[in-house]
Amino acid sequence: MNVVALADRLNALLPGRDLTCDLSDALGHTGGLGADFRPLWTGATFAGVAVTVRTAGTDLGAVYRAIDAAPPGSVLVIDTHGTRHSAFWGENTTKAALARGVRAAVINGACRDVTAIRQLNFPVVCTGTVPQAGLRGDQGEINVPVALGSVPVQPGDLIAGDDNGVVVVPAADAPRVVDSVLADLSSITGAP
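Residues numbered from 1 in each chain as written. Predicted model: local features only at pLDDT ≥ 70, side-chain atom pairs only at ≥ 80, totals over all residues. Heavy atoms only, no water.

1. Let's talk about the overall build of the protein chain
Using the following cut-off: Each helix corresponds to a stretch of at least 4 residues labelled H or I by DSSP, and each strand to a stretch of at least 2 residues labelled E; elements are numbered beginning at the N terminus. Within these notes, the globule rule equals 2.2 Å times the number of residues to the 0.38 power, and the radius of gyration is based on C-alpha atoms. Contacts: residue pairs with any heavy atoms within 4.5 Å of one another. Here the Shrake-Rupley method, with its probe set to 1.4 Å, supplies the accessible areas, and only the displayed protein chains count as covering residues. Here the positive residues are Lys and Arg and the negative ones are Asp and Glu; neither His nor the chain ends is included. Throughout, a charge is located at the NZ atom of Lys, the CZ atom of Arg, the CG atom of Asp or the CD atom of Glu.
Of the regular secondary structure elements, the protein chain holds six helices and 12 strands. Over its C-alpha trace the protein chain gives a radius of gyration of 16 Å, about what one expects of a compact globule, namely 16 Å for 192 residues. Dimensions of the protein chain, computed from C-alpha atoms along their principal axes, come out at roughly 50 × 30 × 30 Å. Considering only intrachain contacts with a sequence separation of at least 6, the fraction spanning at least 24 residues in the protein chain is 75%. Summing over all exposed atoms, the protein chain offers an accessible surface of approximately 8,300 Å²; the carbon and sulfur share of this is 51%. Between the centroid of the 13 positive side chains of the protein chain and the centroid of its 18 negative side chains there is a distance of 6 Å.

2. Observations regarding the packing of helix α3 (residues 61–69) against helix α4 (residues 91–100)
The cut-off we apply is this: A fitted line through C-alpha atoms serves as each axis, taken over the contacting stretch for helices, and the angle formed by two N-to-C directions is quoted from 0 to 180°. To sort the angles, those under 35 degrees are grouped as roughly parallel, those over 145 as roughly antiparallel, those from 65 to 115 as roughly perpendicular, and the leftovers as oblique. Crossing handedness is defined as follows: a turn of the near helix away from the far one that is anticlockwise and smaller than a right angle gives a left-handed crossing, while the clockwise case is right-handed.
As a packed pair, α3 and α4 sit with axes 9 Å apart at the nearest point and diverge in direction by 15°. By the criterion of interaxial angle, the relationship of α3 to α4 is roughly parallel. Like other packed secondary-structure pairs, α3 and α4 cross with a definite hand, here left-handed. On α4, the residues that touch Val63, Tyr64, Ile67, Asp68 and Ala69 of α3 are Asn92, Thr93, Ala96, Ala97 and Arg100.

3. Details of the packing of aromatic side chains
Note the threshold: Here is the rule: rings of Phe, Tyr and Trp (six-membered ring for Trp) pair when centre to centre is within 6.5 Å. Planes less than 30 degrees apart are stacked, more than 60 are edge-to-face, and the remainder are tilted. The buried label applies to any residue whose accessible area, calculated with a 1.4 Å probe on protein chains only, is under 20% of its type's maximum; exposed applies above 50%, and partly exposed to all values in between.
Summed over the entire model, instances satisfying the criterion amount to one aromatic pair. Each ring, one from Trp89 and one from Phe122, has its centre 5.8 Å from the other, and the planes form 10°; the classification is stacked. With Trp89 in the loop between β3 (74–79) and α4 and Phe122 in the loop between α5 (114–119) and β6 (124–126), this residue pair connects regions lying 33 residues apart in the sequence. With respect to class, Trp89 is no different from Phe122; both count as buried.

Okay, here's the thing in structure tokens:
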């Protein structure tokens, strides 16, 4: 099974389960983002394939290019180099991402328009919120290796999130890790 199919399978199983804990355990207790990464609303769950963004300064251009390039079911992973005084996600990016079928955004930085994002029911995990938006220009890169805290993320890695946090499963490890988690779940529930 390819990473997209594995992500789809996990996405269907996530509500009501602590699958990120199982994924991290199957990875040898690694892959989890630090406690600074928090979901904007309780109960947000997602699994998808990473489309990565590396911003430059407070420029949002790469974020919009990534949304335009993202296939349905993907998760945008945005490395702002820890910039927290400007938002790299908000209501407009959420609406654009929903129109593309993007499942979530994970940001090493801030977002804004919290009420609107919650009302749109779009999962966003970030390290803070601020009212000031970044500027839309043409800087930054998409689909390049990034890091969120100390966790490296490659384009195409499996990204999963729930109330426990976010786990990054390297694409090369995804079949083994997801098969292990699914086998454990079926032994508990008796489901295939």
